[in-house]
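Next come the chains, spelled out residue by residue.
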Amino acid sequence: MNKTWIFATMALALGTSCSKDKGIDIDDSSLEEIVLGVGSSVSVQPSSRGNGAVGGLGGVDTPNNWNGEQIYVYCISNGEYGVTGAAKTVKIDGELATAPNGTEDEHGVNKTTLTWNQTTPYYYNGKDVYDFYGVHIDDATVEPADMKIGQADPADGFSVDITIDGTQDIMVAQPVKTDDITAAANAEVTAADVDRVYSAWSARRNVVPNLVFKHLLTRFNFQAQLGDTETETKEDAPDAIKITKIEILNVYDNGTLNIIPVSGDQSLEPKGKAETAVNFVVKSKSEDGKLTDLTAVPVISKTAAPVGEDVLLYPEASYTIKIYTEQDKNQNGNTEDKDEKWSEEFPIALSKGSFVAGSMYDINIKVYGLQNIKVEASLTPWENGGSINVDSDNTGKKDDTGTTEP
């Protein structure tokens, strides 16, 4: 199932919009306001780290919902319809809007409305035709002023340099004009009118620009369980093996985010890795929803349990993760004695191809003892897929369904 995000950004101003099937002609001289729907704003409190991944796989357990995230919206005028050679101008320049706490529909798609953070209304201008763009960067490092196009020529495109730390879900969006024409279900506008979308004319005919968001990063979800030969224990068992830290080693943390491309698609292009390797670490989420250092996780069951929050990474062909564990063997209340702390690196790779943006991978850690751990990586993307296994103790190759090849 396609897990892109769809939500209405420019709802029709109903006070001036009529339908001919009701016996009333559309007034094409009326002024059309660009609004973000009728939902109220949802406050998003800033935090010292990013808020983590947005949405899930869909369904009851992992709903595909917005949760009051902040969205930058851009609107570019292409000039008057039918006039060639008109200069592009900026109508809405990186204005913030708030996504509500939405509810996915029966298809697992979250389609709802935004609310402008500022109160000054925007209007479609005469016969001008517009393009819309959106971006969600959470708290990725970038100066607020850099999110403005300003005096630059929008015909040259627009991009910003960002720095991430594994806790931000970077998403970009554009509407799909043909889809929005279909959704309007108005006989007065068809696919042949695509060059008149989006405008006051198309807004009066119920064509609503719906920004379709896509995730630009790969998502790792860490889980841990006891191996088949181990004995389950209680969470407060003094000698339980605990995972104290997980790192993803030598990853990209800088890139150029292309919000308004001159050609091609919106994208995130990584920059060269620093001379000193940058490692992302798995975080825990506190009761107030903020991400903090990982709280040690005891591995006590043969059923996989989550270890911290998901990590978001630029897609690569392979990764190396480092797992840190400890065990109070003599139960003296500390783990400073010899052989009570241990760490090991594990390669993570697919049998074919590279990791994919917009896909979530379950990294399953199997603990057989303090110094005997195996790693199994199951592919759980936002689009349906198979799974792969990475097992340091098995010399056989494994395919994308987790089956060992002879």
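The structure we're discussing is the one just above.
Residues numbered from 1 in each chain as written. Predicted model: local features only at pLDDT ≥ 70, side-chain atom pairs only at ≥ 80, totals over all residues. Heavy atoms only, no water.

## Here's the deal with the overall build of the protein chain
Condition: Only DSSP runs of H or I covering at least 4 residues are called helices, and only runs of E covering at least 2 are called strands; the numbering of each starts at the N terminus. Exposed residues in this analysis have more than 50% of their type's maximum accessible area, buried residues have under 20%, and partly exposed residues fall in between, with area computed by a 1.4 Å probe over protein chains only. Whether two residues touch is decided by their heavy atoms; if any such pair falls within 4.5 Å, the residues are in contact. For accessible areas, the Shrake-Rupley method is used with a probe of radius 1.4 Å. Any residue's cover is judged against the shown protein chains and nothing else.
Of the regular secondary structure elements, the protein chain holds two helices and 24 strands. Here the protein chain, with 406 residues, has 46% of them falling under the buried criterion. In the protein chain, 73% of the contacts between residues at least 6 apart in sequence involve partners at least 24 apart. Accessible surface for the protein chain amounts to roughly 19,500 Å². Of this, 46% is attributable to carbon and sulfur atoms.

## Comments concerning the pairing of strand β11 (residues 218–226)
As a reminder, the rule being used: Strands are treated as partners if at least two bridges between them are detected by DSSP.
In terms of burial, β11 is a largely internal element, nine of the nine residues being buried. Judged by which residues are buried, β11 turns out to be covered on both faces: T218, F220, F222, A224 and L226 on one side and R219, N221, Q223 and Q225 on the other are all buried. Bridging between β11 and strand β20 (residues 311–313) involves three bridges; their strand directions are antiparallel. Paired with F220 across the two strands is V311, which belongs to β20. Relative to strand β23 (residues 360–369), β11 runs parallel, the two being bridged by eight bridges. For R219, the partnering residue across the bridge sits in β23 and is M360. Pairing geometry for β11 and strand β19 (residues 305–306), over two bridges, is antiparallel. Each bridged residue has a counterpart across the sheet, and for Q223 the counterpart in β19 is P306.

## A closer look at the pattern of salt bridges
Our working definition: Counted as salt bridges are all cases of a side-chain nitrogen of Lys or Arg within 4 Å of a carboxyl oxygen of Asp or Glu.
Summed over the entire model, instances satisfying the criterion amount to eight salt bridges. Between K177 and D131 there is a salt bridge; the shortest N-O distance is 3.4 Å. Of this pair, K177 sits in helix α1 (residues 177–184) while D131 sits in strand β7 (residues 128–136), and the two are 46 residues apart along the sequence. With a relative accessible area of 22%, K177 lands in the partly exposed category. Look at D131 and you get buried, because its relative accessible area is 18%. Close ionic contact of D310 with R219 constitutes a salt bridge, the shortest N to O distance being 2.5 Å.

## Examining the environment of M147
Locating M147 in the fold gives a position in the loop between β7 and β8 (158–163). What makes M147 buried here is its relative accessible area of 0%. Considering only alpha carbons, one finds M147 and D93, 54 residues apart in sequence, at a separation of 8.2 Å. Ignoring any residue separated from it by four or fewer positions in sequence, one finds M147 in contact with Y72, Y74, D93, G94, V135, I137, V142, F158, V160 and I259.

## Some thoughts on the nonpolar core
Filter applied, for reference: Nonpolar cores were defined as sets of buried Ala, Val, Leu, Ile, Met, Phe, Trp, Tyr and Cys residues, with membership established by side-chain atoms within 4.5 Å.
In this structure, Y74, F222, L257 and I259 are the most contacted members of the largest nonpolar core, which totals 57 residues. Excluding anything up to four places from it in sequence, I259 contacts Y74, Y133, V135, M147, F158, S159, V160 and Q266. Within the second largest apolar cluster, 25 residues are counted, among which are I71, W116, V197 and A200.

## Quick notes on α1
Quick note on the threshold: Here the arc refers to the set of directions running from the helix axis out to each C-beta atom.
Among the residues of α1, D180, I181 and A184 are the ones counted as buried. Along α1, the residues classed as buried sweep out an arc of 105 degrees about the axis, all on the same side. At the C-terminal side of α1, A185 shows a positive phi close to 50 degrees.

## So, the sheet that holds strand β14 (residues 267–270)
Applied cut-off: Only the contacting stretch of a helix is used when fitting its axis, a line to C-alpha atoms as for every element, and angles between N-to-C directions run 0 to 180 degrees.
Judged by pairing direction, the sheet is antiparallel, and its three strands sit side by side in the order β8-β13-β14 without closing on themselves. The sheet is open, and its two borders are formed by β8 and β14, each paired with just one other strand. Adjacent strand axes in the sheet meet at a mean angle of 25 degrees, parallel and antiparallel pairs treated alike. Direction of pairing for strand β13 (residues 254–260) relative to β14: antiparallel, over a ladder of four bridges. Following the sheet pairing, N258 is matched in β14 by S267.

## Focus: the packing of aromatic side chains
Selection rule: Each pair of aromatic rings taken from Phe, Tyr and Trp, with Trp reduced to its six-membered ring, is defined by centres within 6.5 Å and is described as stacked if the planes are under 30 degrees apart, edge-to-face if over 60, and tilted in the remaining cases. We call a charge positioned over a ring when the NZ of a Lys or the CZ of an Arg lies within 6 Å of the ring centre and within 35 degrees of the ring normal.
For the coordinates displayed, the defined rule picks out 11 aromatic pairs. Ring plane angle 65 degrees and centroid distance 5.8 Å describe the contact between F132 and Y198, whose orientation is recorded as edge-to-face. Of the two residues, F132 is situated in strand β7 and Y198 in the loop between α1 and α2 (200–203); the sequence distance between them amounts to 66 residues. Both residues of the pair, F132 and Y198, belong to the buried class. Judged by centre distance (6.2 Å) and plane angle (80 degrees), the rings of F220 and F222 are edge-to-face. Each member of the pair, F220 as well as F222, is classed as buried. Here the aromatic residues F220, F222, Y319, F355 and Y361 are joined through ring pairs into a cluster of three or more. Stacked on the ring of W201, the Lys or Arg R196 has its end atom at 3.9 Å from the ring centre. Sitting over the face of the ring of Y368, K374 holds its NZ or CZ atom 4.8 Å from the ring centroid.

## Here's the deal with the side chain of D310
Heads up, the rule is: We define a polar contact as two N or O atoms separated by no more than 3.5 Å, with the added condition that, inside protein, one atom must be a possible hydrogen donor and the other a possible acceptor, whereas residues neighbouring each other in sequence contribute only through side-chain atom pairs.
Position of D310 relative to the elements: it lies in the loop between β19 and β20. Engagement of the side chain of D310 in a polar contact is seen with the side chain of R219, the distance being 2.5 Å.

## Regarding unusual backbone geometry
The peptide bond linking V197 to Y198 adopts the cis configuration, its omega dihedral lying at 10 degrees. Although it is not a glycine, A185 sits at a positive phi angle of roughly 50 degrees. With respect to the element layout, A185 can be found in the loop between α1 and α2.

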